[in-house]
Structure formats: structure tokens, C-alpha cells
Amino acid sequence: MKNLFRLIYRYHVVLLFVLLETLSLSMVVTYNNYQRATFFDSSNFITGTLFEKFSSIFQIFQFKQVNIKMAEENAILRAALQEHLLKSNPGTYHASDSIYLPRIAKDSSIRAVYRFTTARVINNSVNQQHNFITINKGRHDGVKPDMGVIANGQVVGLVTNVSENFSTVISLLNSRWKISAKIKRNDYFGSLSWDGKDYRRVQLNEIPYHVPVQNGDTVVSTGYSSSFPEGLTIGTISDFSIGTGSNFYKIEVMLAADFKNLVVVGLVENKQLNEIKQLESINKNGN
Amino acid sequence: MVINLLKYALVFIVSVLLQVLIFNNVLIARMISPFFYILFIILLPFDTPRALLLFLAFSLGLTVDIFTNTPGVHASACLLTGFIRPGVLQLISSHETLESVSAPRVENMGFQWFIGYATFLVLIHHFFLFFIEAFTFQGFPFILLRIILSSVLSVVLIVLSQFIIFRK
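S.K.: For this particular structure, what's the right way to read the overall build of chain B?
M.R.: Summing up its helical and strand segments, chain B has 8 helices and 0 strands in all. Reading chain B from its N terminus to its C terminus gives the helix and strand order α-α-α-α-α-α-α-α. Per-residue burial for chain B yields a buried fraction of 57% across its 168 residues. Look at the contacts in chain B between residues 6 or more apart in sequence, and 71% of them connect residues 24 or more apart.

Written as C-alpha cells, this is what we have:
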């Protein structure tokens, strides 16, 4: 027994090293985006507050640009709204006309599936393999996990962890996250992921051979994940090739959103998400 | 003793803050990102007990991990750096200097020695960090290029810091 203690004492540095290294490597391996301990997460109070204070100093310089971008987006949305009203109520665009009210109510009930809010980005990175964004709204402001995050109508990420006042968002630039996306022109869908190399390009996989693909085709969200509405822009196809020995294209997609310059993001909540998830879980349990 | 303790606590806080608030946002040519914070491990006194060195390196890594949402990645890389540091020191300097001088500083050990020492530790740290982060040997040449270029930038920043903020 005495010898054992002497042995442990003699090699205590090596033992400590092996112990701590095992601990940290097991953290790396078992780490899961959806069930993480909130402690190891930048949505916690100390890191969140620090990031918020610091980012508010530096983002002052960016707000002019952000305002211009938002004004542009408003103009586009207003035009789209006009067009939509004209289309759904041919012959009139006066929503106040009582005859057309039921129809508009019906339309807006579809729109009311998604609820939109905004938040400010207080921390962001593009230089790692697994990038996350921290935003300055949390449970207190009605943010929930699985809400979609967009910027200027383009897909940015998904809310993963929520604390009282902050949330972390898994960025599209995170090689551990995939979303479904489709080619707008012909509606063929595949899965979109990032290979961790270039922060301006992501990869669209699982598009079969026979589908006509062109450089410049727009890639949009599918709405299958229920976190995003269908048809949000993701990017354009910049390059594609046929992988050796596979039946699918290798497609490079140039991102529309500038991930290095995110200041204000929009949060999308699908009010029917719980209902959809419940329904889908019946299929999973019942097979 | 107490002054020393406060001094190293300050170095710890300043290197972590500089890393998470400034250097984590740096990305040059879409591949170079510096990891400046291991300055803390580099600057620790020569007579730091090895077990303490491991604990300090581990907590440094874990602190940065919390800010970057990468539990374990920086912690394991720092731990390895802390484990190897005494060996590196014995390799590049004589026993007598390690006994007579208190801490690895430019003014104590000379400019050339400091660059060599910092490069050694930075390379070990970056090599481990980038591969743990990628968790694959796929695209080896690209990751290797990232490691080498990022290490160059980190060493430059660490050496510069010796002349600007951490002068004492």
C-alpha cells in the first residue's frame, strides 16, 4: 500500500495529465449541440453580459449600414405585400372593404403560423469548424430553442440554447449542423452542410444526377424542418461536379448572407412547431 | 508572493479577454486565426509546480471554451501545452539558467530565446487544437497550412505583447 502511494506520488503529474486530458477529450466527443450543459455555453450570464457590453461599443460604427439595409428590406417587403394583396383580392387593394375581410383573414391565418422578432448579435465567429452566434434576447423575450434565425430574409442559423436574457444560435457555418434546402427552379431538395473551409460557401448534397443544375441557380429553404418558412434564400450555386463513384452532385453554394457582418437578425417562431413535432413523434414511436 | 499572484491573475484575465473579444474575430485570407491567449502558459514562472501548471493550463483552456462554445477543445490543447512545457524548457536551456532566472521573459532570456520558446509551444498548441477541432485527418495539407500560418501570427502577437502591454 505504501509502495502504491509512492508510485502515485512519483507519477502524479503524468496521472493528472492523463486524467484531465481524458476528461476534456470526452467533453469534445460527447458534446452534443442539442443537449449541452448550459454552463459551457456563451448564453450564460457572465459571458453574455460581457459580449453584449463589448459589442455595443463596436456596433455603433455599423449601424448606419444596417439602417440602409433595413430600409431596403422594408421597401422590398412593402412591395411584396402590395403584390400579395392585389393577387389574393383581384380588383381591389382596399383591405377595409368588408366583403373581402374573410378572405384576408384566411390569408393572414397562414401568415400567422410564423411569428417574427428581431435581436442584436453580440458575439459571432466564422473562423472555427463549429461556429455559434450569441444574441441579446432570451427566454424573457419569448425566445425558444428551435426558432429559426434569419438576416435580410436569408437563413442564418437555429436557436439552440436559451438563458434568461441571451441565446446561442448554431450558425449555418457549423459542420455539425445540416438543414434541408432545395433548388428554387425545379424544387429538388437535398441537405445543406458546411465543410469548414470557406465561410462564404456551403455544400448542397444528395441532389441526384438526373436533375438539371446550373451555375447561378438559387438555393432556398424547404420548410421541412418547420423552423423556417419555405422559400427563404440561402445562396446561389457557384460550382458543381459529379462525385466519383456516387450518384449525387457535389454542389458548392455561395451564401447570400454575409456571416462576417451580422448585426441585427430576425427570429422566426413557428407557432405550430409543437403540434408538428408531436405528430411526427407518433410515427417514430409507432414503427 | 501576493503581488506575483495578482500579476498572474491579471495576465490570465487580460489574455482571455483579448482572445475572446478581439482575436476570435480575426480571420485573415479565410484561414489564419491567431490564438494569443496561451501567452499565459508561456509567461508562468520556471519554478511553477508541474501539477499546478497542468491545472492552470486546463482552466485557461476551459475558460476560452466557455466563450467559444467548444467544450474540451481548447482545454485539451492547453493541457498538452502545459504538460510539454517543462520538457521544452529543459531542451532549449541549461539547468543553471532555469535555477537562476525566475520567469521566461525577453529581458531575462534574450529575444532569440524567447521567440524560439514561444514558437515551440505555439506550434504544439495549434497543431493539437486544429486537429481536435476538425476531428479528422481529411484535408491534411489545408489544415497544416492553417496551423503554420496561424502559428506565425500568434507568435508575432505574443512577442509584440512583450513590448507593449506585458512589459513588467
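Structure shown, so let's carry the discussion forward.
S.K.: Just checking my understanding: could you explain the overall build of chain A for this structure?
M.R.: A tally of regular secondary structure across chain A gives 6 helices and 12 strands. Residue burial in chain A is summarised as follows: out of 287 residues, 43% are buried. For chain A, the computed accessible surface area is about 16300 Å², with 59% contributed by carbon and sulfur atoms.

S.K.: Can you walk me through the interface of chain A and chain B in this structure?
M.R.: Interface size is often expressed as the accessible area that is lost when the parts come together. Listed as interface residues are 40 residues of chain A and, on the opposing side, 37 residues of chain B. Of the roughly 3500 Å² buried between chain A and chain B on both sides combined, carbon and sulfur atoms contribute 70%. Remark: the boundary between chain A and chain B carries 0 salt bridges. The set of elements that each furnish at least two residues to the side of chain A that touches chain B consists of helix H2 (12–30), helix H3 (45–59), strand S1 (114–124) and strand S2 (130–135) of chain A. Ranked by residues supplied to the side of chain A that touches chain B, first place goes to H2 of chain A with 13 residues. The class makeup of the residues in the side of chain A that touches chain B is 19 nonpolar, 14 polar and 7 charged.

S.K.: Teacher, can you tell me more about the nonpolar core here?
M.R.: The tendency in soluble globular proteins is for nonpolar side chains to be buried as a group. Judged by nonpolar contacts, the single largest core of 68 residues is most densely connected at Ile-38, Ile-42, Leu-60, Phe-114 and Ile-158 of chain B. Elements with a contribution of two residues or more to this core: H2 of chain A together with helix H1 (2–22), helix H2 (39–43), helix H3 (50–68), helix H4 (73–92), helix H6 (106–109), helix H7 (111–134) and helix H8 (140–164) of chain B. Of all the elements, H7 of chain B adds the most residues to this core, at 12 residues. The contacts of Ile-38 of chain B, once residues within four sequence positions are left out, are Leu-60, Cys-78, Leu-121, Val-122, His-125 and Ile-158 of chain B. Core analysis: the next-biggest nonpolar cluster, separate from the first, contains 50 residues, Val-143, Val-156, Val-169 and Ala-181 of chain A among them.

S.K.: What should I look at first to understand the side chain of His-74 of chain B in this one?
M.R.: All names here are of chain B. With respect to the helices and strands, the residue His-74 is situated in helix H4. Given a relative accessible area of 3%, His-74 falls into the buried group. With near-sequence residues (within four places) excluded, His-74 lies in contact with Phe-35, Tyr-37, Gly-61, Val-64, Asp-65, Thr-68 and Leu-129.

S.K.: Just to check I follow, could you spell out the pairing of strand S12 (residues 264–270) of chain A for this structure?
M.R.: Within a regular beta strand, the side chains point alternately toward one face of the sheet and then the other, so they alternate between its two faces. Residues and elements named next belong to chain A. Summarising burial for S12: 6 of the 7 residues are buried, a large majority. Taken together, the 7 bridges between S1 and S12 define a ladder with antiparallel strand orientation. Directly across from Thr-117, in S12, lies its bridge partner Leu-267. Alignment of strand S3 (residues 148–151) against S12, held across 3 bridges, turns out to be antiparallel. Counted as the bridge partner of Ile-150 is Gly-266 from S12.

S.K.: Teacher, can you tell me more about the packing of aromatic side chains here?
M.R.: By convention here, two paired aromatic rings are described through the distance between centres and the angle between planes. Enumeration over the complete set of coordinates arrives at 14 aromatic pairs over all chains. Between the aromatic rings of Phe-35 of chain B and Phe-130 of chain B, the centroid separation amounts to 5.9 Å while the plane-to-plane angle is 75 degrees, which identifies the pairing as edge-to-face. A residue pair is termed long-range when its members are at least 10 positions apart, and Phe-35 of chain B in the loop between H1 and H2 and Phe-130 of chain B in helix H7 qualify at 95 residues. Feature note: the residues Phe-46, Trp-113, Phe-114 and Tyr-117 of chain B constitute an aromatic cluster, connected by ring pairs. Over the aromatic face of Phe-142 of chain B sits the side chain of Lys-197 of chain A, whose NZ or CZ is 5.9 Å from the ring centroid. It is Arg-50 of chain B that lies over the ring of Phe-83 of chain B; its NZ or CZ is 5.7 Å from the centre.

S.K.: How should I be thinking about the packing of H3 of chain A against H1 of chain B in this particular structure?
M.R.: Axis angle and axis distance: for two packed helices, these are the angle between their axes and the distance between the axes, and together they describe the pair. One way to put it is that H3 of chain A packs onto H1 of chain B with a least axis distance of 11 Å and a crossing angle of 65 degrees. Between H3 of chain A and H1 of chain B lies a crossing of right-handed hand. Contacts between H3 of chain A and H1 of chain B involve Leu-50, Phe-51 and Phe-54 of chain A from the former and Leu-17, Val-20, Leu-21 and Ile-22 of chain B from the latter. Among the residues forming the contact of H3 of chain A with H1 of chain B, the class breakdown is 7 nonpolar, no polar and no charged.

S.K.: I would appreciate a short explanation of the packing of H4 of chain B against H7 of chain B in the present structure.
M.R.: Residues and elements named next belong to chain B. Running from N to C, H4 and H7 cross one another at 150 degrees; their axes reach a closest spacing of 9 Å. Comparing their axes, H7 and H4 come out roughly antiparallel. Here the hand of the crossing between H4 and H7 comes out right-handed. Per-class residue counts for the contact of H4 with H7 are 17 nonpolar, 4 polar and 2 charged.

What counts, and at which threshold
Residues numbered from 1 in each chain as written. Chains lettered and ligands numbered in written order. Predicted model: local features only at pLDDT ≥ 70, side-chain atom pairs only at ≥ 80, totals over all residues. Heavy atoms only, no water. Helix = DSSP H or I, 4+ residues; strand = E, 2+ residues; numbered from the N terminus. Buried < 20%, exposed > 50% of the residue type's maximum accessible area, 1.4 Å probe, protein only. Contact = heavy atoms within 4.5 Å. Areas by Shrake-Rupley, 256 points an atom, 1.4 Å probe, with all protein chains shown as cover. Buried area = accessible area lost by both parts, 1.4 Å probe. Salt bridge = Lys/Arg side-chain N within 4 Å of Asp/Glu carboxyl O. Nonpolar A, V, L, I, M, F, W, Y, C, P; charged D, E, K, R; others polar. Core = buried A, V, L, I, M, F, W, Y, C linked by side-chain atoms within 4.5 Å. Pairing = 2+ DSSP bridges. Phe/Tyr/Trp six-rings, centres within 6.5 Å; stacked < 30°, edge-to-face > 60°. Lys NZ or Arg CZ within 6 Å of the ring centre and 35° of its normal. Axes fitted to C-alpha atoms, helices over the stretch in contact; angles between N-to-C directions. Left-handed = near helix turned anticlockwise from the far one by under 90°. Parallel < 35°, antiparallel > 145°, perpendicular 65-115°, else oblique.

Everything listed is a geometric property; what it means functionally is a separate question.
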